[in-house]
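Coordinate analysis (summary)
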Amino acid sequence: MSATKTAAAPRHNPKVVTALRRFAISISVLNIFGYTVLGFEQPWTWPFIALATGYTTEILLEILGARVEGRAPRFTGGGAKGFMEFLLPAHITSLAVNMLTYVNDLVWVMVFGVIVAVGTKWVLRAPVKGRLRHFMNPSNFGIAVILLLFPWASIAPPYHFTEYLDGGFDWLVPAIIITLGTMLNAKLTERMWLILAWVGGFALQAVIRGLLFDTSIPAGLAMMSGVAFVLFTNYMITDPGTTPSSKWGQIAFGGGTAALYGVLTAMSVAYGIFFATALVCAIRGAFLWTADVVSKRRAEEALALAAVTHSVAQADAVQAQAGAAQAEAPVADAAGCACPAGACACPAPATAETETEKIPVTA
C-alpha cells in the first residue's frame with residue numbers, strides 16, 4: 001500500500017509573497033525598459049530562454065522533492081494564482097542571472113548559470129526552525145559560479161543600465177531603484193538594518209583600503225553611485241530567504257559582506273561583491289548546521305540527565321518504602337519472641353546464671 005501524501009506546507013508567509021511579487025514586477029519592468037530604452041546588450045530573446053529554463057528547473061525539482069518527501073507539490077492546490085506565486089522565485093532568479101552577466105554569444109553559459117542558481121536551493125540547505133531551508137542566495141551564487149568557471153565571462157558593463165540616457169536622466173534610474181527598493185525593504189522584507197550595515201561597511205572598507213594600501217578612496221567610494229551597486233543593495237543582498245531576520249544578524253551579515261569584499265579587493269580578486277556574498281552565505285549555513293547539532297546534542301544530554309534523575313528518584317522512593325516497612329515490622333528478641341509490645345508475655349531467656357531447681361531423690 002503506497003504511503004499517503006501529505007499536503008504541502010505553505011512555502012512563504014503572505015508578507016514574503018507580497019515582497020516576491022513586487023520584486024518580480026520590478027525586475028520585469030526593468031528588463032522591458034532595459035531592452036527598449038536603457039541599452040541592455042544581451043539578445044532580446046535571452047530573457048525568455050532564461051525564464052523557460054528557470055521555470056522548468058523549478059517545477060522538475062519540486063516534483064522530485066515532493067515525491068521523495070511524500071507530499072504534494074507546492075504548486076498544486078492553489079489554482080493559477082498559487083502556481084504563479086510558486087514560480088516567483090524562479091522568475092526573479094532567472095532574469096537576474098541573465099541581466100547581470102555578460103557571456104558574449106554563448107547562451108548555454110547563461111542557461112547553465114540559471115540551472116545552478118535555481119538548483120542550489122535544493123542542494124545547499126540548512127535547518128531553520130525545524131525545517132530545511134536554502135541558505136545560499138540563488139541569483140548571486142549562479143553569477144559567482146559563472147565568473148569562477150568561465151574566466152572570460154564578466155558581469156554586465158557599468159553603462160549597461162544608462163547607455164542611451166543623457167541630459168541628467170541617467171540619474172533618474174538609480175533614483176527610482178533606490179526609492180522603490182527602500183519602500184520594499186522597509187515595509188516587506190524588513191532588511192533595512194542589513195542595508196545600512198552593508199552600505200556603511202562598504203564605505204568604511206574603501207577608506208581603510210585607501211589608508212593601508214594607498215589606493216584611491218574616491219574611486220572606491222564611486223562604485224556606490226553606480227546602478228549595479230544600487231540594484232545589488234536593494235534587490236540582491238536583501239533576499240529575505242537567505243539573510244537573517246534579527247537586527248544584529250542583519251548587521252553581521254551586511255557588515256561581514258562588506259568586510260570580505262574589502263579583503264578580496266585588496267587581494268586583487270575581481271567581482272569580489274558576488275564572491276563575498278556567497279562566502280558570507282556559506283558561513284551562515286555552516287553556523288546554522290553547527291547550531292542545530294549543538295541544540296540536538298544539548299537536548300539529548302537533557303533527556304539523559306532527566307532519565308538518570310528519574311531513576312535516582314525511583315530508587316530513593318523504593319528505599320524509603322523499604323525503611324518504613326522495616327520500622328513497622330515486629331522485632332524478635334534473642335529467644336525468638338515476636339510478640340508486639342504489650343500483646344503477650346515471652347518467657348525469660350535462659351542464662352548460665354539461672355539457678356537450677358534441686359529435687360530431692362529418695363534412697
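For the structure itself, look to the data block above.
Computed from a prediction, not measured in an experiment: that's the story for all the values here.

**Structural notes on the overall build of the protein chain**
On a plain count of helices and strands, the protein chain comes out with eleven helices and four strands. A total of 363 residues make up the protein chain; the buried ones form 39% of that total. Carbon and sulfur atoms provide 68% of the accessible area of the protein chain, an area that totals close to 20900 Å².

**Some details on the pairing of strand β2 (residues 125-128)**
Looking along a regular strand, one sees side chains alternate from face to face of the sheet. Of the strand pairs in this sheet, β2 and strand β3 (residues 131-134) are connected by four bridges, and their pairing is antiparallel. Paired with A126 across the bridge in β3 is R133. Joining the antiparallel neighbours β2 and β3 is a turn of two residues, in which K129 adopts a positive phi near 55°.

**Comments concerning the packing of aromatic side chains**
In this structure the tally under the stated criterion is 15 aromatic pairs. An angle of 85° between the planes, with centres 6.1 Å apart, marks the rings of F112 and F150 as edge-to-face. Taken together, the residues span a long stretch of sequence, with F112 in helix α4 (residues 107-123) and F150 in the loop between α5 (138-149) and β4 (154-155) at a distance of 38 residues. Each ring, one from W198 and one from F232, has its centre 5.6 Å from the other, and the planes form 50°; the classification is tilted. Of this pair, W198 sits in helix α7 (residues 192-213) while F232 sits in helix α9 (residues 227-236); the two residues are 34 residues apart in sequence, bridging distant segments of the chain. Like W198, the residue F232 is buried in the burial classification. Put simply, the rings of W198, F202, F229, F232, Y261 and F274 pair up and form one aromatic cluster. Positioned over the ring face of W193 is K247, at 4.5 Å from the centre of the ring.

**Remarks on the nonpolar core**
Counting residues in each nonpolar core, the largest one holds 62 residues, and the members touching the most others are M99, F161, W198, L231 and F274. Looking at this core element by element, the count peaks at eight residues for helix α11 (residues 272-328). Every residue in contact with L231, bar those within four places of it in the chain, is listed here: L30, M99, F161, I177 and M236.

**Some points on α4**
An ideal rise of 1.5 Å per residue puts 24 Å on 17 residues; α4 measures up with 24 Å between its terminal C-alpha atoms. Across the 17 residues that make up α4, a large majority, twelve, are buried. Residues of α4 that are buried: V109, M110, V111, G113, V114, V116, A117, V118, G119, T120, K121 and W122. For α4, the secondary structure elements touched by its buried residues are α2 (46-69), α3 (79-100), β2, β3 and α5.

**Overview of α2**
An α-helical turn contains 3.6 residues, so a residue and the one three or four places further along point in the same direction. Between its terminal C-alpha atoms α2 stretches 34 Å, which fits the 34 Å expected from 24 residues at 1.5 Å a residue. Within α2, the full set of buried residues consists of W46, P47, A50, L51, T53, G54, T57, E58, E62, G65 and A66. At its buried positions, α2 is contacted by α1 (14-38), α3 and α4. One or two residues past the end of α2 sits G70, with phi positive at roughly 70°.

**Overview of the environment of K247**
The topology assignment puts K247 in helix α10 (residues 247-266). Of the residues examined, K247 reaches a relative accessible area of 37% and is grouped as partly exposed. For K247 and R191, which are 56 residues apart along the polypeptide, the C-alpha to C-alpha distance reads 8.6 Å.

**Description of a nonpolar patch on the surface**
Judged by side-chain polarity, I25, V29, I32, F33 and V37 come together as a nonpolar surface patch covering roughly 450 Å² of accessible area. For V29, the position within the fold is in helix α1. V29 gets classed as partly exposed once you look at its relative accessible area, which sits at 38%.

**Considerations on the pattern of salt bridges**
According to the stated counting rule, one finds eight salt bridges in the structure shown. Among the ionic pairs, E190 bridges to K15, the shortest N-O distance being 2.5 Å. Separated by 175 residues along the polypeptide, E190 in the loop between α6 (172-189) and α7 and K15 in helix α1 bring together distant segments of the chain. A residue is classified by how much of its surface remains accessible, and E190, at 43% relative accessible area, is partly exposed. Since its relative accessible area comes to 38%, K15 is described here as partly exposed. Here E58 makes a salt bridge to K121, at a shortest N to O gap of 3.2 Å. In this pair, E58 is assigned in helix α2 and K121 in helix α4, connecting sequence segments 63 residues apart. Residues joined by salt bridges that share partners form a network here, namely E62, E69, R71, R74 and R125.

Calculation criteria
- Residues numbered from 1 in each chain as written.
- Predicted model: local features only at pLDDT ≥ 70, side-chain atom pairs only at ≥ 80, totals over all residues.
- Heavy atoms only, no water.
- Helix = DSSP H or I, 4+ residues; strand = E, 2+ residues; numbered from the N terminus.
- Buried < 20%, exposed > 50% of the residue type's maximum accessible area, 1.4 Å probe, protein only.
- Areas by Shrake-Rupley, 256 points an atom, 1.4 Å probe, with all protein chains shown as cover.
- Pairing = 2+ DSSP bridges.
- Phe/Tyr/Trp six-rings, centres within 6.5 Å; stacked < 30°, edge-to-face > 60°.
- Lys NZ or Arg CZ within 6 Å of the ring centre and 35° of its normal.
- Core = buried A, V, L, I, M, F, W, Y, C linked by side-chain atoms within 4.5 Å.
- Contact = heavy atoms within 4.5 Å.
- Expected span 1.5 Å × (residues − 1).
- Patch = residues over 30% accessible without salt bridge, like charges linked within 9 Å, V, L, I, M, F, W, Y side chains within 5 Å.
- Salt bridge = Lys/Arg side-chain N within 4 Å of Asp/Glu carboxyl O.

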